[in-house]
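So you can see what is in the structure, the chains are spelled out below.
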Amino acid sequence: MAYWLMKTEPDVCSFDDIWKSPKRTTGWDGVRNYQARNFMRDEMQLGDEVFVYHSNAEPPGIAGIAEVASAAYPDPTQFDASHDHYDAGSTRDDPRWVQVDIKAVRKIPRFVSLDELRANPKLKAMRLLQRGNRLSITPVTPAEWRAILAMAGA
DNA sequence: GCCAACGTTGGC
DNA sequence: GCCAACGTTGGC
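These notes cover the structure that comes with them. Quick caveat, the model's predicted, so the values are computed rather than measured.

1. A short note on the side chain of Thr 77
Logical step 1: For Thr 77, the position within the fold is in the loop between strand S5 (73–74) and strand S6 (98–99).
Logical step 2: A distance of 2.7 Å separates polar atoms of two side chains, one belonging to Thr 77 and the other to Asp 75.
Logical step 3: Leave out the neighbours within four places in its chain, and Thr 77 touches Asp 29, Gly 30, Arg 32, His 83, His 85 and Tyr 86.

Pasting the structure below:
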């Protein structure tokens, strides 16, 4: 059982949007970074727990708890020429990009803002908080997971 | 809207 | 294989 943090822009897909989706589940498409793809393809397991993080938001922060609800499979948007995430260099025989399904499992009593995360000394080493980090999927350690749950009142 | 940080691309 | 140019991310 591993823990992850996945970023989403709430204007595009918020935690509540996932919550309201059929089966509270959505395909996490659009990842176009090799490191993030490799996490999904090589390391994520069904049932891994996920913090859903709102980026480009006011304020940014952790909005809810989800879980990995599928194995990695090809992201269909890479094949769609009319789509923003189209990748002309990828083929159906050898897809470059994958996604997983993410299921919202629990609302949290309190939103945990980026400022609060930064202010918690227990999270000093958290990947999300490192200088210049832009990775949209990052691992979360069990200790970090517990600390953030406490901050969220969960 | 600005811009620092980082990833990718492509000429050489 | 180097590295400058360019594009993107995402906080502010």
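Once the structure has been displayed, the description carries forward.
2. A closer look at the pairing of strand S1 (residues 3–8)
Logical step 1: Here S1 lies mainly inside the structure; six of its six residues are buried.
Logical step 2: Burial of S1 is two-sided: the residues Tyr 3, Leu 5 and Lys 7 facing one way and the residues Trp 4, Met 6 and Thr 8 facing the other way are all buried.
Logical step 3: Pairing of S1 with strand S8 (residues 137–140) involves four bridges; the strand directions are antiparallel. Following the sheet pairing, Leu 5 is matched in S8 by Thr 138.

3. Some thoughts on unusual backbone geometry
Logical step 1: Backbone torsion omega between Glu 58 and Pro 59 reads -5°, so that peptide bond is classified as cis.
Logical step 2: Summarising the element assignment, Pro 59 is placed in the loop between strand S3 (49–54) and strand S4 (61–68).
Logical step 3: The phi dihedral of Lys 23 is positive, around 60°, even though this residue is not glycine.
Logical step 4: Relative to the helices and strands, Lys 23 is located in the loop between helix H2 (15–20) and strand S2 (25–27).
Logical step 5: Classification of Lys 23 by relative accessible area gives exposed; the value is 75%.
Logical step 6: Phi angles above zero are rare outside glycine, and Asn 56 is one such case at about 50°.
Logical step 7: Mapping Asn 56 onto the fold places it in the loop between S3 and S4.
Logical step 8: The class for Asn 56 is exposed, based on a relative accessible area of 64%.

4. Some remarks on the protein's contact with DNA strand B
Logical step 1: Near DNA strand B, the surroundings consist of Tyr 34, Arg 131, Gly 132 and Arg 134.
Logical step 2: Sugar and phosphate atoms constitute 67% of the interface atoms of DNA strand B, taking the interface as everything within 4 Å of the protein.
Logical step 3: Separating a base oxygen of DNA strand B from a side-chain N or O atom of Arg 134 is a distance of 2.4 Å.
Logical step 4: Class assignment of the residues belonging to the surface near DNA strand B gives a composition of one nonpolar, one polar and two charged.

5. Describing the environment of Asp 29
Logical step 1: Along the chain, Asp 29 falls in the loop between S2 and helix H3 (34–43).
Logical step 2: Along the sequence, Asp 29 and Asp 75 sit 46 residues apart, while their C-alpha atoms lie 5.8 Å from each other.
Logical step 3: Apart from residues no more than four positions distant in its own chain, Asp 29 is found in contact with Asp 75, Thr 77 and Gln 99.

6. Concerning the protein's contact with DNA strand C
Logical step 1: Residues in contact with DNA strand C, as listed here, are Lys 7, Tyr 53, Ser 55, Asn 56, Pro 60, Leu 114 and Arg 134.
Logical step 2: Within 4 Å of the protein, the atoms of DNA strand C are drawn from sugar and phosphate moieties in a proportion of 62%.
Logical step 3: One nitrogen or oxygen atom from the main chain of Asn 56 is found 3.0 Å from a phosphate oxygen belonging to DNA strand C.
Logical step 4: Classifying every residue of the surface near DNA strand C gives three nonpolar, two polar and two charged.

7. Thoughts on the packing of aromatic side chains
Logical step 1: Overall, the coordinates contain five aromatic pairs when judged by the stated rule.
Logical step 2: Put simply, the rings of Tyr 3, Phe 51 and Trp 145 touch in pairs and so form one group of aromatic residues.

So, how was this worked out
Residues numbered from 1 in each chain as written. Chains lettered and ligands numbered in written order. Predicted model: local features only at pLDDT ≥ 70, side-chain atom pairs only at ≥ 80, totals over all residues. Heavy atoms only, no water. Helix = DSSP H or I, 4+ residues; strand = E, 2+ residues; numbered from the N terminus. Polar contact = N/O pair within 3.5 Å; in protein donor to acceptor, adjacent residues only side chain to side chain. Contact = heavy atoms within 4.5 Å. Buried < 20%, exposed > 50% of the residue type's maximum accessible area, 1.4 Å probe, protein only. Pairing = 2+ DSSP bridges. Near = heavy atom within 4 Å. Nonpolar A, V, L, I, M, F, W, Y, C, P; charged D, E, K, R; others polar. Phe/Tyr/Trp six-rings, centres within 6.5 Å; stacked < 30°, edge-to-face > 60°.

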